[in-house]
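# Structural overview for review
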Amino acid sequence: MAKSSSLKSTLAVSLNNYLDAGAIVAGSSGITLWQNYLGLSEMHLGWLNALSANAMGAAIGAIIGGFLADKFGRKFIFTYNLLVYMLGMLIVMFSVSYPMLLGGFLVTGISVGIGVPASWTYISESSEVNNRGRNICISQMSWGIGPMLILFFGMLFAPGGYLYAPVESLAHAVIGADAAQAAIEVFSSRVVFFTLFVVAFVAWNLQRQLQESAEFEANKEKDQSGIVENIKMLFTNKVAVRSVIFLATIYLTWNLVASVMGFFMPHVYETAGGLSNETANMLSCVSWVFVVVTTFIISFYVDKVAHRFFYIFGLAAALTAWILVIGGSVTSIAGIWVFTILWGLNNGSSVQVFYALWGSELFPAKFRAGAQGLMFFIVRGLSAVWGLVFTYIYGENGEGFTLAAYCMVALLVVSLIVGLIGMPNTRGRSLNDITKERYGESY
């Protein structure tokens, strides 16, 4: 596939990452507004996080979508999955009760999970040898642009924001001039979710025009294994099992930290930092600017420089951020800014970049997407549990924030150590060569 062609398909498929991260952050940017509107407790918020695109919803979708992509093709997922995402957006946009809001988060999360394994697999299979890392970074940039724009919209539309007046007028027109203030204010969040619906519609039209992965087509001709056989091979092949353990460990320990920050970051700013909803969204938005810029810079070098360097850089930034938290720095505006920048640098050179890259490199085509779906299921599923635990540790008003920070540091240290020990040497090599070396000619 020509360079321009792989870049074009990468951009189309990368919109899934925009929608993934965007769905998470759309929930977080307006979570306080929904809390006031529906009278939600911290436990209610924990369940929203647990069943969303941030955790269990995505976990359920991933294990389904991964094996479907290996059986029916990557294009099969692209053709139908975003229709489910748009349904989830509509449910959230029109939610008038907690069960309805929870259902919308769950449907959206399932769609996100279905799309992720197929997306990362398709990008890697469609890339040239010397551009695979670059294309994964482009996908990661989309993962950063999504929250950046969603938080920017959240800031503009939030009560007190520059564009809140039109939102308020719309709300009054829809639900009446005498509606409760909380019901009026939550319309800003509904508008943010509408922007995701529009992007999903555009992405669906682009992705359903893509050609099927050439590697999937080639494997399909020589291998007719069904879903059950692929699952059995994944669990019985020692090389595959070791790869799953390695990748799931580094991604899980990092994602337990990132998932909490993805959903609760503005809420943390508001409770622990004492900031307004508008300012909290602005700071979170700035953090994602650093994500995009950092990933953009790395994309030029990731196929040329040892992965070890970028892996250490990202986790060092994350560890420094949370060590500052332990020192009590986030109670000042200067400390909050330093934390925001460091966390942005971490996400720009994050474990997720290398998980996505190695996850598609370390498995053969016949169960490549299924393996990623399994790992995503493990990681997001446990993240759902952790999201509920975190609400207990953190407390109603952030009184347990320091203890939570110690937990974050411990998790990040594990991700760093395991990653450095098990890091594969795959840079500059074709997927076919990597597969033959690891699994032999039969795969």
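Below: a short report on this structure.

Criteria and cut-off values
- Residues numbered from 1 in each chain as written.
- Predicted model: local features only at pLDDT ≥ 70, side-chain atom pairs only at ≥ 80, totals over all residues.
- Heavy atoms only, no water.
- Helix = DSSP H or I, 4+ residues; strand = E, 2+ residues; numbered from the N terminus.
- Rg over C-alpha atoms; globule rule 2.2 N^0.38 Å.
- Buried < 20%, exposed > 50% of the residue type's maximum accessible area, 1.4 Å probe, protein only.
- Areas by Shrake-Rupley, 256 points an atom, 1.4 Å probe, with all protein chains shown as cover.
- Lys, Arg positive; Asp, Glu negative; His and termini not counted.
- Charge placed at Lys NZ, Arg CZ, Asp CG, Glu CD.
- Phe/Tyr/Trp six-rings, centres within 6.5 Å; stacked < 30°, edge-to-face > 60°.
- Lys NZ or Arg CZ within 6 Å of the ring centre and 35° of its normal.
- Axes fitted to C-alpha atoms, helices over the stretch in contact; angles between N-to-C directions.
- Left-handed = near helix turned anticlockwise from the far one by under 90°.
- Contact = heavy atoms within 4.5 Å.
- Nonpolar A, V, L, I, M, F, W, Y, C, P; charged D, E, K, R; others polar.
- Salt bridge = Lys/Arg side-chain N within 4 Å of Asp/Glu carboxyl O.
- Polar contact = N/O pair within 3.5 Å; in protein donor to acceptor, adjacent residues only side chain to side chain.
- Core = buried A, V, L, I, M, F, W, Y, C linked by side-chain atoms within 4.5 Å.
- Parallel < 35°, antiparallel > 145°, perpendicular 65-115°, else oblique.
- Patch = residues over 30% accessible without salt bridge, like charges linked within 9 Å, V, L, I, M, F, W, Y side chains within 5 Å.

### Focus on the overall build of the chain
Scanning the chain from N- to C-terminus turns up 20 helices and zero strands. Computed over the C-alpha atoms, the radius of gyration of the chain is 21 Å, within 12% of the 22 Å expected from 2.2 N^0.38 for a compact globule of 443 residues. For the chain, the C-alpha atoms occupy an extent of roughly 70 × 45 × 35 Å along the three principal directions. Counting across all 443 residues of the chain, residues that qualify as buried make up 61%. When the accessible surface of the chain is summed, it comes to about 16100 Å², and 69% of that surface belongs to carbon and sulfur atoms. Charge separation in the chain, taken as the distance between the mean sites of 23 positive and 23 negative side-chain charges, equals 12 Å.

### Details of the packing of aromatic side chains
Inspection of every chain in the model, using the stated rule, returns 26 aromatic pairs. Taken together, the ring pairs connect W120, W143, Y251, W254, W288, Y355 and F376 into an aromatic cluster. The ring centre of W204 lies 4.2 Å from the NZ or CZ of R208, which sits over that ring.

### Observations concerning the packing of helix α4 (residues 56-72) against helix α6 (residues 98-125)
One way to put it is that α4 packs onto α6 with a least axis distance of 6 Å and a crossing angle of 40°. Crossing geometry of α4 relative to α6 is assigned as right-handed. Residue-level contacts link G57, A58, I60, G61, A62, G65, G66 and A69 of α4 to L106, G109, I110, V112, G113, I114, P117 and A118 of α6. Here the contact of α4 with α6 is composed, by residue class, of 10 nonpolar, six polar and no charged.

### Section: the pattern of salt bridges
Within the structure shown, the criterion is met by seven salt bridges. With a closest N to O distance of 3.1 Å, E215 and R368 form a salt bridge. Note that E215 is positioned in helix α11 (residues 214-222) and R368 in helix α18 (residues 368-394), a separation of 153 residues in sequence. Since its relative accessible area comes to 0%, R368 is described here as buried. Across the pair R429 and E437 runs a salt bridge whose closest N-O atoms are separated by 3.3 Å. Look at R429 and you get partly exposed, because its relative accessible area is 22%. According to the relative accessible area criterion, E437 is exposed, its value standing at 57%. Via salt bridges that share partners, D70, R74, E125, E215 and R368 belong to a single interconnected network.

### Section: the side chain of S6
Following the sequence through the fold, S6 ends up in helix α1 (residues 3-29). Classification of S6 as buried rests on a relative accessible area of 0%. Side chain to side chain, S6 and E128 meet in a polar contact 2.9 Å long.

### A look at the side chain of E361
Inspection of the secondary structure assignment puts E361 in helix α17 (residues 351-361). Judged by relative accessible area, which is 2%, E361 ranks as buried. For E361, the side chain forms a polar contact with the side chain of T426, separated by 2.5 Å. Leave out the neighbours within four places in its chain, and E361 touches R132, T426, L431 and I434.

### Quick look at the nonpolar core
Counting residues in hydrophobic clusters, the biggest one holds 133 residues, and the most contacted among them are W322, W358 and F363. When residues of this core are assigned to their parent elements, the largest contribution, 16 residues, is made by helix α13 (residues 238-271). The residues touching F363, leaving out its near neighbours within four places in the chain, are L234, A240, S243, V244, L247, R368, A371, M375, T435 and Y439.

### Focus: the environment of L275
Mapped onto the fold, L275 is located in the loop between α13 and α14 (277-299). The exposure class assigned to L275 is buried, which follows from its relative accessible area of 16%. Here the alpha-carbon distance between L275 and I333, two residues 58 residues apart in the chain, equals 9.2 Å. Leave out the neighbours within four places in its chain, and L275 touches Y269, E270, A280, L283, I333 and I336.

### Comments concerning the packing of α17 against α18
Following both chains from N to C, one finds α17 and α18 inclined at 140°, their axes separated by 8 Å at the closest point. It follows that α17 is oblique to α18 by the angle criterion. Seen from α17, the contacting residues are Y355, A356, G359 and S360; seen from α18, they are R368, Q372, M375 and F376. Class assignment of the residues belonging to the contact of α17 with α18 gives a composition of four nonpolar, three polar and one charged.

### Some words on the environment of M86
With respect to the helices and strands, the residue M86 is situated in helix α5 (residues 74-93). On the basis of relative accessibility, which here comes to 7%, the residue M86 falls in the buried class. Considered as a pair, M86 and L151 are 65 residues apart in the sequence and their alpha carbons are 20 Å apart. Apart from the residues lying within four places of it in its own chain, the contact partners of M86 are F197, A200, F201 and W204.

### Examining the environment of P424
Assignment of secondary structure puts P424 in the loop between α19 (401-422) and α20 (431-439). For the pair formed by P424 and W358, sequence separation is 66 residues and the distance between their alpha carbons is 7.7 Å. Not counting residues within four places of it along the chain, the set of residues in contact with P424 comprises F246, W358 and L362.

### Focus: a nonpolar patch on the surface
A contiguous nonpolar patch, built from V289, V293, F296, I297, F300, Y301, V305 and F309 and spanning about 740 Å² of accessible area, is present on the exposed surface. Here the nonpolar patch gets four residues from one element, more than from any other, and that element is α14. Among the residues examined, F296 registers a relative accessible area of 42% and is labelled partly exposed.

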